[in-house]
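Each chain, letter by letter, is given below.
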Amino acid sequence: MSESLGVAVLASGSGTNLQAVIDRLHLKDESGVRVARVVGSRAGIGALERASSHGIPTYVLPERDDGGHWLQNVLEASGAGLVVLAGWLKLIPPDVVRSFRGRMINIHPALLPAFGGPGMYGRRVHEAVLDSGAKISGATVHFVDEAYDHGAIIAQWPVPVLAGDDADLLARRVLAVEHRLLPTVIEDFAAGRFELDASGRTAWTGAWCSGNEFTMHSETRAD
Ligand code: GRF
């Protein structure tokens, strides 16, 4: 890998996905990926503490950011080649989506296009999965577009829904695979293995596709 990929992470919560990206990529020179900055949707969240403890610059979204000008400036100034929404609860303003189209991804704790969209975050996602009677849930990484949880799917990892599950148990099982899926997708992006094509779909540049690999061999894939 010739040049390192700078990643800007947007987070609203405890930041365990951010931590996975720090541990698996940022702290490993050979990954060619560094976290350039972290933006929190409010002060005092765990994600900002995690970033600060690794010397990663942090920013807090102002209460009013009409049109997303502040966010746009912070992301552009970071020089990041990729923006990662890791537990970000706010809709990205359309101008910002446009500027980073094909360079902005989100992780969602269910198998999209089911169980996504406005209001589908946190426990609510897992409660909806349990209420539906679905026997499989999982994690999805997708490109960000103008709607919540709607952009082109990049990779998914299925997780079984087990008898006796409650939302917390299911959330924990899904989160464990999120922590493996997200860094892998970022690595794939850094290596140029996929892109958003002109028709708005994810195009893999070779026969290899981590999305398939997770789906078919999730039990055997090595870390
Ligand atoms: C994750 O489940 C992610 O999929 C969702 O929000 C949660 C964030 O968790 N979008 P964390 O802050 O990374 O621990």
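Our subject is the structure listed above.
Keep in mind that what you see is a predicted model, and the values were worked out from it rather than measured. (Residues numbered from 1 in each chain as written. Predicted model: local features only at pLDDT ≥ 70, side-chain atom pairs only at ≥ 80, totals over all residues. Heavy atoms only, no water.)

A. Representation of helix α5 (residues 123-132). Three or more residues of α5 are buried, namely Val125, His126, Ala128 and Val129. Angular distribution of buried residues about the axis of α5 spans 155°; they occupy a single face of the element. (Buried < 20%, exposed > 50% of the residue type's maximum accessible area, 1.4 Å probe, protein only. Helix = DSSP H or I, 4+ residues; strand = E, 2+ residues; numbered from the N terminus. Arc of directions from axis to C-beta.)

B. Up close: the packing of α5 against helix α6 (residues 167-190). Running from amino to carboxyl end, α5 crosses α6 at an angle of 110°, the nearest separation of the two axes being 9 Å. By the angle between their axes, α5 is roughly perpendicular relative to α6. On α6, the residues touching Arg123, His126, Glu127, Val129 and Leu130 of α5 are Ala167, Asp168, Leu170, Ala171 and Val174. (Axes fitted to C-alpha atoms, helices over the stretch in contact; angles between N-to-C directions. Parallel < 35°, antiparallel > 145°, perpendicular 65-115°, else oblique. Contact = heavy atoms within 4.5 Å.)

C. Examining the packing of aromatic side chains more closely. If you walk through the whole model with that rule in mind, you get three aromatic pairs. Taken together, Phe143, Phe189, Phe194 and Trp204 form an aromatic cluster joined through their ring pairs. (Phe/Tyr/Trp six-rings, centres within 6.5 Å; stacked < 30°, edge-to-face > 60°.)

D. Structural view of the layout of surface pockets. Empty space within the largest pocket amounts to approximately 810 Å³. Along its surface, the largest pocket is lined by 37 residues, and Gly87, Leu89, Pro109, Tyr121 and Gly122 are the ones closest to its centre. Residue assignment for the lining of the largest pocket shows that the elements contributing at least two residues are α1 (16-26), β5 (104-108), α5 and α6. Of the residues that constitute the lining of the largest pocket, the class distribution is 16 nonpolar, 15 polar and six charged. (1 Å grid on protein atoms, 1.4 Å probe; cavity = no way out; pocket = protein on both sides within 12 Å on 5 of 7 lines; lining within 4 Å. Points joined across faces, edges and corners; volume = space filled by probe spheres on them. Nonpolar A, V, L, I, M, F, W, Y, C, P; charged D, E, K, R; others polar.)

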